[in-house]
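Given next are the chains, with one letter for each unit.
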Amino acid sequence: MQKKGLFITFEGTDGCGKTTQLNMAAEFLKSKGYEVVITREPGALETGKKIRQILLHSEEKLSDYCEMFLFLADRAQHVEALIKPAVEQGKIVLCDRHKDSHIAYQGYGREKNAQLIKELNQIAVNGIEPDLTLLYCVSPEVAMKRLSGAPDRIEAEGTKFQERVLEGYKKIAKENPERIKVINADNSVETVYNDTKNTIIELIEKKFEV
Ligand code: TYD
């Protein structure tokens, strides 16, 4: 009997293709009979949508610390109101970005104290830890081709910023080899999907079917 669900996060730099993979994984899991919740940060809930609007589209220049705390506020509300209850009800929560985005973007991208950001996130997530994080690593050239439309405030930071974020993600992955699975997102959508699916199946077998 499935008592508790799973919390899986999807991470990577802008244009890495993680959202496509998340949606494909959700369809696969639903076809196997699992109850799946798709969600994202920032902006999953009512409060978060307002925060997202400020974070990504504010015309006023935001200070780095204002940005940092707004992402944390969104996350704290998201965890309590949506993620924790869904996992407790035995659902599989697939979350497009979570705390590792914060460490990579606000820590390494903005060149702030990554250790402090990790600690602030531990407050915001209030005890919940992803069972698995899929980190999609893409080269800047491939990412550029995948991005379409007008860039938001963070995408507009440019290549150097994205490179720092990618390096940050790689460091976080090295520090958390059990939780974070790195996937080469330069490959075709099908190849990346196979890696995604196999990693999730492995986790489910470990968690529910042993
Ligand atoms: P979004 O449109 O959701 O983009 P994506 O499809 O790339 O996930 O935009 C979210 C942006 O916010 C993205 O550039 C990453 C950034 N971000 C942070 O800087 N810190 C965070 O904690 C989170 C969750 C996202």
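A short tour of the structure in this document, coming up.

About the thresholds
- Residues numbered from 1 in each chain as written.
- Predicted model: local features only at pLDDT ≥ 70, side-chain atom pairs only at ≥ 80, totals over all residues.
- Heavy atoms only, no water.
- Helix = DSSP H or I, 4+ residues; strand = E, 2+ residues; numbered from the N terminus.
- Rg over C-alpha atoms; globule rule 2.2 N^0.38 Å.
- Axes fitted to C-alpha atoms, helices over the stretch in contact; angles between N-to-C directions.
- Left-handed = near helix turned anticlockwise from the far one by under 90°.
- Contact = heavy atoms within 4.5 Å.
- Nonpolar A, V, L, I, M, F, W, Y, C, P; charged D, E, K, R; others polar.
- Pairing = 2+ DSSP bridges.
- Salt bridge = Lys/Arg side-chain N within 4 Å of Asp/Glu carboxyl O.
- Buried < 20%, exposed > 50% of the residue type's maximum accessible area, 1.4 Å probe, protein only.
- Core = buried A, V, L, I, M, F, W, Y, C linked by side-chain atoms within 4.5 Å.

Here we look at the overall build of the chain
Reasoning step 1: A count of helices and strands for the chain gives eight helices and five strands.
Reasoning step 2: Ordered by position from the N terminus, the helices and strands of the chain form the series β-α-β-α-α-β-α-α-β-α-α-β-α.
Reasoning step 3: Whereas a compact globule of 210 residues would reach a radius of gyration of roughly 17 Å, the chain reaches 16 Å, a difference of no more than 12%.
Reasoning step 4: Taken along its principal axes, the extent of the C-alpha atoms in the chain is 50 × 35 × 30 Å.

What about the packing of helix α3 (residues 64–88) against helix α5 (residues 114–125)?
Reasoning step 1: Following both chains from N to C, one finds α3 and α5 inclined at 35°, their axes separated by 8 Å at the closest point. For the crossing formed where α3 meets α5, the hand is right-handed. Taking contact as the criterion, the partners of M68, F69, L72, R75, A76, V79 and K84 in α3 are, on α5, I117, L120, N121, A124 and V125.
Reasoning step 2: For the contact of α3 with α5, the residue count by class is nine nonpolar, one polar and two charged.

Observations concerning the sheet that holds strand β4 (residues 132–137)
In any sheet, the strands associate via hydrogen bonds between backbone groups, in a parallel or an antiparallel arrangement.
Reasoning step 1: The sheet built from five strands is open, its strands ordered β2-β3-β1-β4-β5 with parallel pairing. In the strand order of this sheet, the two ends are held by β2 (36–40) and β5 (180–184), each with one partner. When strand polarity is set aside, the average angle formed by the axes of neighbouring strands in this sheet is 20°.

Focus on the pattern of salt bridges
Reasoning step 1: One pass over the structure, following the stated rule, counts 19 salt bridges.
Reasoning step 2: Put simply, E27 and K30 hold a salt bridge, and the shortest N to O gap is 3.7 Å. Remark: K30 and E27 occur in helix α1 (residues 18–31); sequence separation between them is three residues, near one turn of the helix.
Reasoning step 3: In this structure K30 comes out as partly exposed when scored by relative accessible area, which is 42%.
Reasoning step 4: Taking the shortest distance from any N to any O, the salt bridge between K99 and E129 comes out at 2.6 Å. Taken together, the residues K99 in helix α4 (residues 99–109) and E129 in the loop between α5 and β4 connect sequence positions 30 residues apart.
Reasoning step 5: Judged by relative accessible area, K99 falls into the buried class, the value being 5%.
Reasoning step 6: Assessed through its relative accessible area of 37%, E129 is described here as partly exposed.
Reasoning step 7: Three or more residues are tied together by salt bridges with common partners; here these are D64, E67, R110, K112, R153 and E157.

Here we look at the nonpolar core
Reasoning step 1: The biggest cluster of nonpolar side chains holds 26 residues, and the ones touching the most others in it are Y105, Y169 and I172.
Reasoning step 2: Listed by contribution, the elements that provide at least two residues to this core are α2 (46–57), α3, α4, α5, β4 and α7 (159–175).
Reasoning step 3: The element best represented in this core is α7, accounting for six residues.
Reasoning step 4: Residues F28, I92, I183 and L203 belong to the second largest nonpolar core, which totals 25 residues.

Considerations on unusual backbone geometry
Reasoning step 1: Cis geometry marks the peptide bond from E41 to P42, where omega comes out at -5°.
Reasoning step 2: Note that P42 resides in the loop between β2 and α2.
Reasoning step 3: Look at E111: it is not a glycine, yet its phi comes out positive at around 55°.
Reasoning step 4: Mapped onto the secondary structure, E111 falls in the loop between α4 and α5.
Reasoning step 5: Positioned with a positive phi, N126 is a non-glycine residue whose angle comes to about 45°.
Reasoning step 6: Examined against the element boundaries, N126 turns out to sit in the loop between α5 and β4.

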